Amino acid sequence: MNPLLQHLQPYPFERLRQLFAGVTPAARLRPISLGIGEPRHATPAFIQTSLTDNLSGLANYPATAGDIRLRQACSDWLQRRYGITVDAATQVLPVNGSREALFSFAQTIVDPSQPGATVLCPNPFYQIYEGATLLAGATPYFVASDPARNFAVDWDSVPADVWAKTQLMYVCSPGNPTGAVMPLQEWKKLFDLSDRYGFVIASDECYSEIYFRDEAPLGGLEAAVKLGRHDFRNLVAFTSLSKRSNVPGLRSGFVAGDARLLQSFLLYRTYHGGAMGMPIQHASIAAWSDETHVVHNRALYKEKFAAVMPILEPVMDVRLPDAGFYLWPRIPDALGMSETEFARELFAQTHVTVLPGSYLARNVHGYNPGAQRVRLALVAETAECVEAAQRIADFIQKNVK
């Protein structure tokens, strides 16, 4: 067996199952899960139709690089969304969802033969970053987000000797679980550091189309262009249809950025078996080419957050995120519970599932930035989210000491 496998930590949802083992919630209450970030809005009919109307492509092996029509659809979307020009032939690759690509990208970039090979990750974070790092033979270095600065990652806390060993950096904007969006000045700081130390930036942007303010979140490629980096040097952005178009089962997304890096990534994926089936490519073209369903989807989330926030704000330290479909509240100290105790007791008493924040972060210097927080995924229909929020509020009011 690959000895690096033993370094992988249990996935958050496996830890949640263990936490709930032996707990039997009240049968009179229907279960409501805010634990998993899986979109539950209906998949648009036109995407399903495009998929089923193009099944003839099953008779052929798809190219790993994808059909040029799909790459052009992705390039066109980047132009409409961010006002940037990306070469469909050299700067775009389709991937089987951003999760698969975020993992395999580290296997392409990391050189484990270099002493102290390091990958920087935000903390809290999406656990794929950590697993990809470990299986690439590198060491993860976790950088905490700062609640006092809208959960901006404290990049200034990273010592120079760590930057010098860093080969890859994962950033997530809008962030999971905090919903924070990186401003242009933060991007400039990271680009300057990348130029100085030579590391690659992997920008996870799969929540970019779910936002609540008038201005759409800034993207990494967009930031690069604004700062005169038209070649996207050492930058690759990752995005997905899962959240944007409610098709997590389609496993479809794309990466775009530095053509030199994507050439190597394509080589890796050719051997890795990362080709996307033609029916999925056709459905993806249809999805990337339409914005009406995205606007509608965003409106549903706005409605949901508007309904839930007034219920939770009086009882928890919670704020509307910049983007994404998560809330990242701090549980009241007056409860006298840890975040894991809170999640377990909430499940037992109300049949509502939330994810302990510590499961999404790591202890660094004796501190876990997910401690005393929980992640709430507002993915269900509005009425169900409102009912869950009311149960949480009632639970807190009942148990405050």
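Draft legend 1. Focus on the overall build of the protein chain. Helix and strand counts for the protein chain stand at 14 helices and 13 strands. Expected size for 401 residues packed as a compact globule is a radius of gyration near 21 Å; at 21 Å, the protein chain falls within 12% of this value. The principal-axis extents of the C-alpha atoms in the protein chain amount to approximately 60 × 55 × 45 Å. A burial count over the protein chain gives 58% of its 401 residues as buried. The long-range share in the protein chain, meaning contacts at least 24 apart out of those at least 6 apart in sequence, stands at 76%. Split by element, the accessible area of the protein chain, about 16,400 Å² in all, is 54% carbon and sulfur.

Draft legend 2. Region of interest: the pairing of strand S8 (residues 235-240). Within S8, six of the six residues are buried, which leaves the element mostly enclosed by the surrounding structure. Of the two faces of S8, the one lined by Leu-235, Ala-237 and Thr-239 and the one lined by Val-236, Phe-238 and Ser-240 are each fully buried. Pairing analysis gives four bridges linking strand S7 (residues 200-204) to S8, with the strands arranged parallel. Residue Asp-204 lies in a different strand from S8, and its bridge partner there is Phe-238. The parallel pair S7 and S8, bridged by helix H8 (residues 220-226), forms a crossover whose chirality is right-handed. Bridge analysis of S8 against strand S9 (residues 253-257) gives five bridges, and the strand direction is antiparallel. Bridged to Thr-239 within S9 is Phe-254.

Draft legend 3. Up close: empty space enclosed by the protein. According to the stated counting rule, one finds two cavities of 30 Å³ or more in the structure shown. In this structure, the largest cavity occupies an estimated 80 Å³ of space. Contributing elements (two or more residues each) for the lining of the largest cavity: helix H3 (68-82), H8, S8 and S9. Residues that form the lining of the largest cavity fall into these classes: nine nonpolar, three polar and two charged. Estimated volume of the second largest cavity: approximately 70 Å³. What lines the second largest cavity is simply Asn-150, Phe-151, Thr-178, Arg-319, Leu-320, Pro-321, Asp-322, Tyr-326, Leu-327 and Trp-328. Within the lining of the second largest cavity, the residues separate by chemical class into six nonpolar, two polar and two charged.

Draft legend 4. Here's a closer look at the environment of Lys-302. Following the sequence through the fold, Lys-302 ends up in helix H12 (residues 292-312). Not counting residues within four places of it along the chain, the set of residues in contact with Lys-302 comprises Tyr-211 and Phe-212.

Draft legend 5. How the structure looks around the packing of H12 against helix H14 (residues 382-399). Between H12 and H14, the least distance of the axes is 9 Å, while the angle of their chain directions is 15°. As the angle between them shows, H12 and H14 are arranged roughly parallel. Viewed along their axes, H12 and H14 form a crossing whose handedness is right-handed. Note on element contacts: H14 touches H12 through Thr-382, Cys-385, Val-386, Ala-389, Gln-390, Ile-392 and Ala-393, opposite Leu-300, Glu-303, Lys-304, Ala-307, Val-308, Ile-311 and Leu-312.

Draft legend 6. Highlighting the packing of helix H4 (residues 98-109) against helix H5 (residues 127-135). Direction vectors running N to C along H4 and H5 enclose 30°, while the axes themselves pass 8 Å from each other. The pairing of H4 with H5 is recorded here as roughly parallel in orientation. In terms of crossing hand, the pair formed by H4 and H5 is right-handed. Facing H4, whose interface residues are Arg-99, Leu-102, Phe-103, Ala-106 and Gln-107, H5 presents Ile-128, Tyr-129, Gly-131, Ala-132 and Leu-135. Considered class by class, the residues forming the contact of H4 with H5 number seven nonpolar, two polar and one charged.

Draft legend 7. Quick look at the layout of surface pockets. Space inside the largest pocket adds up to approximately 500 Å³. In this structure, the largest pocket is lined by 26 residues; those nearest its centre are Tyr-11, Gly-37, Arg-99, Tyr-126 and Lys-243. Elements supplying a minimum of two residues to the lining of the largest pocket: helix H1 (12-20), H4 and helix H9 (241-245). Each residue belonging to the lining of the largest pocket can be placed in one class, and the counts come to 13 nonpolar, seven polar and six charged. Space inside the second largest pocket adds up to approximately 260 Å³. In this structure, the second largest pocket is lined by 13 residues; those nearest its centre are Val-181, Glu-215, Ala-216, Pro-217 and Leu-218.

Draft legend 8. Region of the structure containing the side chain of Arg-375. Structurally, the position occupied by Arg-375 is in strand S13 (residues 374-377). Nearest to the buried, unbridged Arg-375 among oppositely charged side chains is Asp-204, at 10 Å. Side-chain polar atoms of Arg-375 contact the backbone oxygen of Gly-35, separated by 3.1 Å.

Basis of the calculations
- Residues numbered from 1 in each chain as written.
- Predicted model: local features only at pLDDT ≥ 70, side-chain atom pairs only at ≥ 80, totals over all residues.
- Heavy atoms only, no water.
- Helix = DSSP H or I, 4+ residues; strand = E, 2+ residues; numbered from the N terminus.
- Rg over C-alpha atoms; globule rule 2.2 N^0.38 Å.
- Buried < 20%, exposed > 50% of the residue type's maximum accessible area, 1.4 Å probe, protein only.
- Contact = heavy atoms within 4.5 Å.
- Areas by Shrake-Rupley, 256 points an atom, 1.4 Å probe, with all protein chains shown as cover.
- Pairing = 2+ DSSP bridges.
- Right-handed = clockwise from strand over helix to strand, strands pointing away.
- 1 Å grid on protein atoms, 1.4 Å probe; cavity = no way out; pocket = protein on both sides within 12 Å on 5 of 7 lines; lining within 4 Å.
- Points joined across faces, edges and corners; volume = space filled by probe spheres on them.
- Nonpolar A, V, L, I, M, F, W, Y, C, P; charged D, E, K, R; others polar.
- Axes fitted to C-alpha atoms, helices over the stretch in contact; angles between N-to-C directions.
- Parallel < 35°, antiparallel > 145°, perpendicular 65-115°, else oblique.
- Left-handed = near helix turned anticlockwise from the far one by under 90°.
- Lys, Arg positive; Asp, Glu negative; His and termini not counted.
- Salt bridge = Lys/Arg side-chain N within 4 Å of Asp/Glu carboxyl O.
- Polar contact = N/O pair within 3.5 Å; in protein donor to acceptor, adjacent residues only side chain to side chain.

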